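# Summary of the model geometry
Chain residues, written in single-letter form:
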Amino acid sequence: MASKFGMAGGIPERRVRPIWDAIDSRQFKNALKLSASLLTKFPNSPYALALKALILERMGKSDEALSVCLSAKELLFTNDSVLMDELTLSTIQIVFQRLDHLDLATSCYEHACVKFPNNLEVMLGLFNCYVREYSFVKQQQTAIKMYKIVGEERFLLWAVCSIQLQVFCGNGGEKLLVLAEGLLKKHIASHSLHEPEALIVYISVLEQQAKYGDALEIISGKLGSLLAIEVDRLRVQGRLLARAGDYVTAADVYKKVLESCPDDWESFLHYLDCLLEDGSCWCNESLNDSVHPPKNEQCNSSHLTDEVFISRLSNASAFAHKLQAEAGNDFIRCPYLANLEIERRKHLQGRGDDDKLIEALMQYFFRFGHLACFASDIEGFLEVLPLVKKEIFLEKLIKNCDSLSAVPTKFLGQSISIFKIQELIGSMFKIPVVELEGSAIRMGQMYCKNLPLSKDLDQQESMHGEELLSMACNVLVQLFWRTRELGYLLEAIMILELGLIIRRYVWQYKILLVHLYSYLGAYSLSYEWYKSLEVKNILLESVSHHILPQMLVSPLWVDLNDVLKEYLKFMDDHLKESADLTSVAYHHRNYSKVVEFVQFKGRLQHSSQYLMARLEAPILQLKLNANNIEEEEGILESLKCGVHFPEFSSEVGSKSLTFNEDMVSRPWWTPIPDKNYLLEPFKGDSFCPRENLHQQRKGRETNVRTAIEKRSLVPRMIYLSIQCASASLKENIEANGSMHNPKMSSELRLLLERYAKILGFPFNDAMEIVVAASSGQTSPEAFNSDTVDWLNFAVFLNAWNLSSHELGLSDEDGSRPGTWHIVNSLLERYILEKFRTMGPDISSLGCYLPTLVQLVAEPLAWHGLIIQSCVRSTLPPGKRKKKSGAGAADQSNSPISNAVRHSIQSLCSIVEEIMKWLRVQIKKPEDENVEIILSSFQRKAKTEGPGQVFQVLQDLTSSASDVELGDRICQALKPWSHIDVARKLVTGQRKQQI
């Protein structure tokens, strides 16, 4: 079985080494020549064939590589005289894996295992194949076989991990855990355990079966010494005791943990839970998802009497004070947060005192208010206070401004914290506009005043007070929302652009600019700032939501294609290679990571963003090629005519979606991708973004599922519409008007019914709504935000009616294809209506452009495809001469030909109107638009309104000196010009129009 010394796959190593050297240096042509020479001398060597297949795959010749590799596989299976060693098998496996044929690689190893049943090397290779296929049962069986052969602990643990994967990530029942426990017990009795990870796996198996007593015996016995760090062992003991219901002992254990690690906030929460006999945080679900464990937001100690409850909290308070005394510095926050948590627990049980909690918050502010994390630290504690008390707390903070720290950096930090608390409790939305302006001005002044504190810092270090510009921007955007004065929005852009001149690494500024430029319709600028974030790897999943939704409705299709390609490539590559991480975890004996990696892969696989991107990428290709029906049909053919998309949607419907986006980094005015408050009227003094956030996210999964199902139908309906339109004019239509093959028409009808149901109406009702809208019986707002979807429905309805003739509609002249007129009217009405509502205001482009782009890119484009299909069907095929005489005249004057002609005229008139509007926009002098922007916030002798914060920063740029600000900051400010920023905005908006 094994290769002899100096041999590689049965071939002398001196003949193989040059080939590998050429492959490693990427000299594939030379490697292929050497491989061909090798094959002439060893024509029946599977290893020589596998090497050739590997080279061909690296050269991008996938089909040839697969053919050669299949030949190598065939030799292994049919010729018993050939050498079958691990090197040959692993080379074949690499090729098959890279060609997405893992099953073929697995079959090679399975054959080898049958031929050499006790060869450990081959069994290891087979186990790795099963890991890559996520075949948990076969992993378990193979691992147990290896364990029986050599008796090594690692193979037993591989089997146990495979059992856990069956329970948590597969279809295995929890009874399998009994088998895992039995295997471990038997091994411990004869061999004990020798690795800390092995102990953790054993405890997890017992814990998952709620055998907490057995687990405690293990961790407290000899095996417990495998956890060399005592605090880690105590944490495990505390958790097991709490889950077993022994809260008294568990509290003592957590007390020991805190005495060793006084800043362990999680352990203090567990200590408090044990004191109050609250087991809600140790739920079984937390074990099933180690990637995203549930948060314990509520507490349940209602079974305790008032006397016992207060007594135990008093003990906790005394212990917290003891920790504070022992800590003796201002870096450890846990003992001080403990006071706040104790007061919060009282409130949750209806026994709290608002004044005491406010006093505790004030004490925490005086000690830690200068830290950037202060506001996030106390956010959870503020939630239990009524709004009136929150405002009292804020008033106390503001009154104590005079007693803030004399150290400049600490004073600055405390001042920023006060601003953050104002944002947190929503008080900014309640104060008058004049006061709100004053807050923004103070933020700008504070930023300029404290800029010298950062003069000696490196450009990559965070500056003191850089959060002030983000907060000032938030205030200015709110002022725009309340007053609709565009100057505030442009002023926000100016101060962020200036902030990035001073320090270009502030990602918060860049994200705000991405959303502000998107709102104004300057998608090219938005995309530039997004690219400057240099989002890579897993951040593509958590950060892409800042740009992807905007790009999907923008005219920048080339850039959108790049965004989708990069995102999908990372996700597909990661999902393909994630099993390799699991394999590495097995081989490095990091068993706790095995389940985590598989669960993480599941989260990415069911990502709502990933599923939507997989739909939008092919739809984008259809948009890009809609002007040429032959190219469009080529795209549809590569998509298998869109058949699998509706099936894909049905599969998604049966699975839970995951949302992996980092929503915390989003601006307040767009808390989720499909919500933007700036597109709505101001909601009044009672509005608080944070209070609405939970509700906004709650219904998101339903909305995303609906969107996925709706978009999944589009490619197939486009294909069926083209076919139905083409068949309606061909000579294969019978006299009664029915098609020879009615299956396509029937399928399109079913998809239309499904599409109408997604829009919220039965098919017949949806049809009536479309007819009413086309005749002007309903207002343009009748379709709400689903205008594009309704017009898509009308376009596909027309195509279906061409072949079925089921609709009893007619044009004004009485001809049958009445749905042509419906589509023409709808497209003219809604597209031209958008142009008429787009005013000269610079912000109107961002409000109306997305819908306008979608209307042109989808319903109008799909309608154009149907027209192309009809026109092509009337042309003579090949070199056949055109029909002449009465037959040709009858065909050209038929009702459907007239309808097609009218539709072409209608489309041309719409396109002409669009071009006319674009010519007007392009001819506008650039300087005129720049002047409009500048005049909106730059006025002399102005005491209120837009421009005041900008003026503060403008004064800074004009008076900057090297001595005060340092050479780096001063040199950065000198070339900055707000006129250049305004010109850049105008240019960015024009890019969308050209």
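As a reminder, the structure under discussion sits directly above these lines.
Overview of the structure. Quantities reported herein were computed from a predicted structural model and do not represent experimental measurements. (Residues numbered from 1 in each chain as written. Predicted model: local features only at pLDDT ≥ 70, side-chain atom pairs only at ≥ 80, totals over all residues. Heavy atoms only, no water.)

Attention shifts here to the overall build of the protein. Looking only at helices and strands, the protein has 48 helices and 2 strands in total. Surface exposure of the protein reaches about 44700 Å², of which carbon and sulfur atoms provide 52%. (Helix = DSSP H or I, 4+ residues; strand = E, 2+ residues; numbered from the N terminus. Areas by Shrake-Rupley, 256 points an atom, 1.4 Å probe, with all protein chains shown as cover.)

On to the environment of Phe-116, then. Here Phe-116 is to be found in the loop between helix H6 (102–115) and helix H7 (120–133). In this structure Phe-116 comes out as partly exposed when scored by relative accessible area, which is 22%. For the pair formed by Phe-116 and Met-84, sequence separation is 32 residues and the distance between their alpha carbons is 9.5 Å. (Buried < 20%, exposed > 50% of the residue type's maximum accessible area, 1.4 Å probe, protein only.)

Let's shift gears to the packing of aromatic side chains. Under the criterion given, the structure shown has 26 aromatic pairs. Residues Trp-158 and Tyr-586 carry aromatic rings whose centres are separated by 5.7 Å and whose planes lie at 65 degrees to one another, so their mutual orientation is edge-to-face. Within this pair, whereas Trp-158 is found in helix H9 (residues 153–168), its partner Tyr-586 is found in helix H30 (residues 557–587), the two being separated by 428 residues in sequence. Across this residue pair, the class does not change: Trp-158 and Tyr-586 are buried. The rings of Tyr-336, Tyr-364, Phe-365, Phe-366, Phe-368 and Phe-374 are connected pair by pair, giving a single aromatic cluster. The ring centre of Phe-77 lies 4.4 Å from the NZ or CZ of Lys-73, which sits over that ring. Between the NZ or CZ atom of Arg-351 and the centre of the ring of Phe-309, over which it lies, the distance is 4.5 Å. (Phe/Tyr/Trp six-rings, centres within 6.5 Å; stacked < 30°, edge-to-face > 60°. Lys NZ or Arg CZ within 6 Å of the ring centre and 35° of its normal.)

Judged by side-chain polarity, Val-871, Leu-875 and Ile-904 come together as a nonpolar surface patch covering roughly 210 Å² of accessible area. Tracing the chain through its elements places Val-871 in helix H41 (residues 844–874). By relative accessible area, Val-871 is classed as partly exposed at 32%. (Patch = residues over 30% accessible without salt bridge, like charges linked within 9 Å, V, L, I, M, F, W, Y side chains within 5 Å. Salt bridge = Lys/Arg side-chain N within 4 Å of Asp/Glu carboxyl O.)

Turning our attention to the nonpolar core. The biggest cluster of nonpolar side chains holds 115 residues, and the ones touching the most others in it are Ile-23, Trp-158 and Tyr-271. Residues within four places of Tyr-271 in sequence aside, it is in contact with Ala-251, Tyr-254, Lys-255, Leu-258, Asn-315, Ala-316 and Phe-319. (Core = buried A, V, L, I, M, F, W, Y, C linked by side-chain atoms within 4.5 Å. Contact = heavy atoms within 4.5 Å.)

Attention now goes to helix H4 (residues 62–78). With 17 residues, H4 extends 24 Å from end C-alpha to end C-alpha; this agrees with the ideal 24 Å at 1.5 Å per step. Turning to H4, its buried residues number three or more, namely Ala-65, Val-68, Cys-69, Ala-72, Lys-73, Leu-75 and Leu-76. Considered in projection along H4, the buried side chains sweep an arc of 155 degrees and stay on one side of the axis. Across from the buried face of H4, at angles greater than 90 degrees, the exposed residues are Asp-63 and Thr-78. Where H4 is buried, its residues touch helix H3 (46–58), helix H5 (86–98) and H6. (Expected span 1.5 Å × (residues − 1). Arc of directions from axis to C-beta.)

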